[in-house]
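The residues making up each chain are set out below.
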Amino acid sequence: MTLHTRALLVHLFTATGAVFAMLALLAAAQEEWSIMFLWLVVAFAVDGIDGPLARKYNVKTNAPRFDGELLDLIIDYLTYVFIPAFALFQSGLLPGWTGWFAIIVITFASALYFADSRMKTADNSFNGFPGAWNMLVLVLFAIEPNFWVSLVLVALLAVAMFLPLKFIHPVRTERWRALSLPIALGWTFFAGWAAWVDFHPESWAHWGLVATSVYLILVGIVQQIVPERRG
């Protein structure tokens, strides 16, 4: 198999995320939230795998006809932003005007963020909250906090998208990756588990989701505060 074929297969693999996004949207339209999140978790897994494959097979050089970064951004906006925002609104977790506020803020701010040329930092982390609303919304479905808590979290993270705060990429951020990557994999496992049991309130998956989510949100900021040791 030639390098061109392998690189092209990576693009095709990335494009499957659009299919999973459509399947998630169909489930959301029928308010089958567990199925929707299961498809989003699959899309999340694809997103975590295709990047290393793209770098391994150098898709920019070996399959330049398709822009892998643009393809990835399109799918990410659907799976990380658009569908989770719709689910948050349609589920009633944010009732009345709060739901309208959330979907407007999430979709508007995320569109600007995804087009921000300064999205990435020098160490391949994200400059500002990277619009991972799928992760937040899944946790909200699992623990069902008071709607004011959900509203404040949405507002804070929307503002954090444009603040000089660092948020790690679990695969590409090298610092503490030996810990961050397993925790990201753990988040994926707990997310799938929570959705599989239809967000049963007594499931231990909820605690795993909360713990891994707190780490993934805060670890980049901690790295900004704690200087890296140079050996």
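None of the values given here were measured: they were computed from a predicted structure.

How each quantity is defined
In this convention, every chain numbers its residues from 1, walking through the sequence in written order. Residue-level local features of this predicted model are given only where pLDDT is at least 70; pairs of side-chain atoms are given and counted only at 80 or more, and the full residue set underlies all totals for whole chains, interfaces and linings. For side-chain calculations, the full set of non-hydrogen atoms in the structure is used, while hydrogens and water are omitted. The angle between two axes is taken between their N-to-C directions and runs from 0 to 180 degrees, where each axis is a line fitted to C-alpha atoms and a helix contributes only its stretch in contact. Numbering of helices and strands starts at the N terminus; helices are DSSP runs of H or I of at least 4 residues and strands are runs of E of at least 2. Each angle gets one of four labels, with under 35 degrees taken as roughly parallel, over 145 as roughly antiparallel, 65 to 115 as roughly perpendicular, and the rest as oblique. Contact between two residues is taken to exist if any of their heavy atoms lie within 4.5 Å; hydrogens are not considered. Residue type decides the class: Asp, Glu, Lys and Arg count as charged, Ala, Val, Leu, Ile, Met, Phe, Trp, Tyr, Cys and Pro as nonpolar, and the leftover types, Gly among them, as polar. Only protein chains enter the accessibility calculation, which uses a 1.4 Å probe; a residue is then buried when its area is under 20% of its type maximum, exposed when over 50%, and partly exposed in between. Expected helix span is taken as 1.5 Å per residue step, with the number of steps being one fewer than the number of residues. By convention, the crossing between two helices is left-handed when the near helix turns anticlockwise from the far helix through less than a right angle, and right-handed when the turn is clockwise. Polar contact is defined as a pair of N or O atoms within 3.5 Å, subject to the rule that within protein one atom must be able to donate a hydrogen and the other to accept it, and that residues adjacent in sequence are counted only when both atoms are side-chain atoms. We define a salt bridge as a side-chain nitrogen of Lys or Arg found within 4 Å of a carboxyl oxygen belonging to Asp or Glu. Paired rings are identified among Phe, Tyr and Trp, the last through its six-membered ring, by centres lying within 6.5 Å, and are further divided according to the angle between planes into stacked (under 30 degrees), edge-to-face (over 60) and tilted (the rest).

**Comments concerning the packing of helix α6 (residues 133-143) against helix α7 (residues 147-160)**
Alright, step 1. Contact geometry for α6 and α7: axes closest at 11 Å, N-to-C directions at 170 degrees. Between α6 and α7, the angle is such that the two are roughly antiparallel. Here Trp-133, Leu-136 and Leu-140 of α6 lie close against α7, whose contacting residues are Ser-150, Leu-153, Val-154, Leu-157 and Ala-158.
Alright, step 2. Class assignment of the residues belonging to the contact of α6 with α7 gives a composition of seven nonpolar, one polar and no charged.

**Concerning α6**
Alright, step 1. Of all eleven residues making up α6, ten are buried, and the element is well covered by its neighbours.
Alright, step 2. Those residues of α6 hidden inside the fold are in contact with α2 (33-56), α4 (68-91), α5 (97-114), α7, α8 (177-196) and α9 (205-225).
Alright, step 3. Just beyond α6, the residue with positive phi is Glu-144, at close to 45 degrees.

**A few points about unusual backbone geometry**
Alright, step 1. Positioned with a positive phi, Glu-31 is a non-glycine residue whose angle comes to about 55 degrees.
Alright, step 2. Following the sequence through the fold, Glu-31 ends up in the loop between α1 (3-29) and α2.
Alright, step 3. Within the chain, Phe-199 stands out as a residue other than glycine whose phi angle is a positive 55 degrees.
Alright, step 4. Mapped onto the elements of the fold, Phe-199 is located in the loop between α8 and α9.
Alright, step 5. Its relative accessible area of 9% is what places Phe-199 among the buried residues.

**Looking at α2**
Since the α-helix advances by 3.6 residues per turn, residues separated by three or four positions end up pointing in the same direction.
Alright, step 1. Across its 24 residues, α2 extends 35 Å between first and last C-alpha, which sits within 8% of the 34 Å expected from 1.5 Å per residue.
Alright, step 2. The first or second residue beyond α2 is Asn-58, which carries a positive phi of 45 degrees.

**Describing the packing of α5 against α7**
Alright, step 1. Contact geometry of α5 with α7 gives a least axis separation of 10 Å together with a crossing angle of 20 degrees. Classified by the angle between their axes, α5 and α7 sit roughly parallel to one another. In this structure, α5 crosses over α7, and the sense of that crossing is left-handed. On α7, the residues that touch Trp-97, Thr-98, Phe-101, Ala-102, Val-105 and Ile-106 of α5 are Phe-147, Trp-148, Leu-151, Val-154, Ala-155 and Ala-158.
Alright, step 2. The residue makeup of the contact of α5 with α7, split by class, is eleven nonpolar, one polar and no charged.

**Considering the environment of Phe-114**
Alright, step 1. Positionally, Phe-114 belongs in helix α5.
Alright, step 2. Residues Phe-114 and Gly-92, spaced 22 residues apart in sequence, show a C-alpha to C-alpha distance of 27 Å.
Alright, step 3. Setting aside its immediate chain neighbours within four residues, Phe-114 contacts Leu-73, Asp-76, Tyr-77, Val-81, Met-119, Pro-130 and Gly-131.

**A short note on the side chain of Ser-34**
Alright, step 1. Summarising the element assignment, Ser-34 is placed in helix α2.
Alright, step 2. Ser-34 gets classed as buried once you look at its relative accessible area, which sits at 12%.
Alright, step 3. At 2.4 Å, the side chain of Ser-34 and the side chain of Asp-198 are in polar contact.
Alright, step 4. What Ser-34 contacts, discounting residues up to four positions off in sequence, is Ala-195, Asp-198 and Phe-199.

**Thoughts on the pattern of salt bridges**
Alright, step 1. Applying the stated criterion to the full structure yields three salt bridges.
Alright, step 2. Among the salt bridges present, the one from Glu-69 reaches Lys-60, with a minimum N-O distance of 3.1 Å. The pair Glu-69 / Lys-60 is uniform in exposure class, with both members exposed.
Alright, step 3. Its salt-bridge partner being Asp-116, residue Arg-118 comes within 4.0 Å of it at the nearest N-O pair.
Alright, step 4. Residue Asp-116 is classed as partly exposed on the basis of its relative accessible area, which comes to 25%.

**Quick notes on the side chain of Ser-110**
Alright, step 1. Along the polypeptide, Ser-110 turns up in helix α5.
Alright, step 2. Only 2.9 Å separates the side chain of Ser-110 from the side chain of Trp-133, close enough to count as a polar contact.

**A short note on the packing of aromatic side chains**
Alright, step 1. This model, assessed by the stated rule, comprises 19 aromatic pairs.
Alright, step 2. Taken together, a centroid distance of 5.1 Å and an interplanar angle of 55 degrees make the contact between Phe-44 and Trp-187 tilted. Of this pair, Phe-44 sits in helix α2 while Trp-187 sits in helix α8, and the two are 143 residues apart along the sequence. Accessibility classification places Phe-44 together with Trp-187 in one group, the buried group.

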